[in-house]
Amino acid sequence: MSGKSPKRRIGPVVSSAHLAASDLPELSEVEYALTMANHAFHRWIVRCMDAAGAPGMAPLEVLILHLVNHRDRPKTLADIRLVLHIEDAHLVSYAVRKLSGRGLVTTARTGKEKTVAITAEGTALCGRYAEVREALLVELAQETGFAPEEMSRLAALLRAISGSYDHAARAATTL
């Protein structure tokens, strides 16, 4: 005997063994990874926004600000809800009010729809955020060794699995 102890396999890494005890235990691994990634992402975007000069913003406010800045076109509340996949209109309305109070967006009416547009201050803040993101996150992401094509594939897989969760959520409401 060489004195080495046999390697033990640890895993799968899940948060709920009772959910992993299924026909697809790997899904529980994905769910745990999504939970960790979601919380890390929210923590990152809030801290990045702090570093960019706008402390105290909630994750949804950061996401909405970037979306409203996207392509420099006003967005309707319905557009924001659709793109960010948010059912609760009140969450979006509240976040928009907070952004408006900070002077980062303006609101207007186009017919019956409320629209949200970025202000010059909002655009400048998004630019500072992009600079902080480039300096602190992009290089780290590149150091993971994942090729850009692999990251795109991961994004496609995450979008696909989100569709499965949506479909299952609709089915659950009929039970």
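Conventions we followed
- Residues numbered from 1 in each chain as written.
- Predicted model: local features only at pLDDT ≥ 70, side-chain atom pairs only at ≥ 80, totals over all residues.
- Heavy atoms only, no water.
- Pairing = 2+ DSSP bridges.
- Helix = DSSP H or I, 4+ residues; strand = E, 2+ residues; numbered from the N terminus.
- Axes fitted to C-alpha atoms, helices over the stretch in contact; angles between N-to-C directions.
- Parallel < 35°, antiparallel > 145°, perpendicular 65-115°, else oblique.
- Contact = heavy atoms within 4.5 Å.
- Core = buried A, V, L, I, M, F, W, Y, C linked by side-chain atoms within 4.5 Å.
- Buried < 20%, exposed > 50% of the residue type's maximum accessible area, 1.4 Å probe, protein only.

1. A word on the pairing of strand β3 (residues 113-118)
Link 1 in the chain: When strand β1 (residues 75-76) meets β3, the two strands line up antiparallel, connected through two bridges. Residue pairing across strands places Thr76 opposite Thr115, the latter belonging to β3.
Link 2 in the chain: With six bridges connecting them, strand β2 (residues 105-110) and β3 associate as antiparallel partners. Within β3, the residue paired with Arg109 across the bridge is Lys114.
Link 3 in the chain: With antiparallel pairing between neighbouring strands as the criterion, β2 and β3 make up a hairpin whose turn holds two residues, including Gly111 at a positive phi of roughly 65°.

2. Observations regarding the packing of helix α3 (residues 59-69) against helix α6 (residues 120-143)
Link 1 in the chain: Here α3 crosses α6 at 110°, and the two axes come no closer than 10 Å. Regarding the angle of α3 to α6, the classification is roughly perpendicular. Of the residues in α6, those touching α3 at Val62, Leu65, His66 and Asn69 are Gly122, Thr123, Leu125, Cys126 and Tyr129.

3. Thoughts on the nonpolar core
Link 1 in the chain: Core analysis: the biggest nonpolar cluster contains 27 residues, and Met49, Met57, Ile64, Leu65, Ile80, Leu125 and Tyr129 have the highest contact counts within it.
Link 2 in the chain: Looking at this core, the elements that each hand over two or more residues are α2 (25-52), α3, α4 (77-84), α5 (89-101), β3 and α6.
Link 3 in the chain: Beyond its immediate chain neighbours, meaning those up to four positions away, Ile80 contacts Ile64, Leu67, Val68, Lys75, His85, Val92, Val96 and Val116.

So, to be careful, I would describe these as geometric facts and stop short of saying anything about function.
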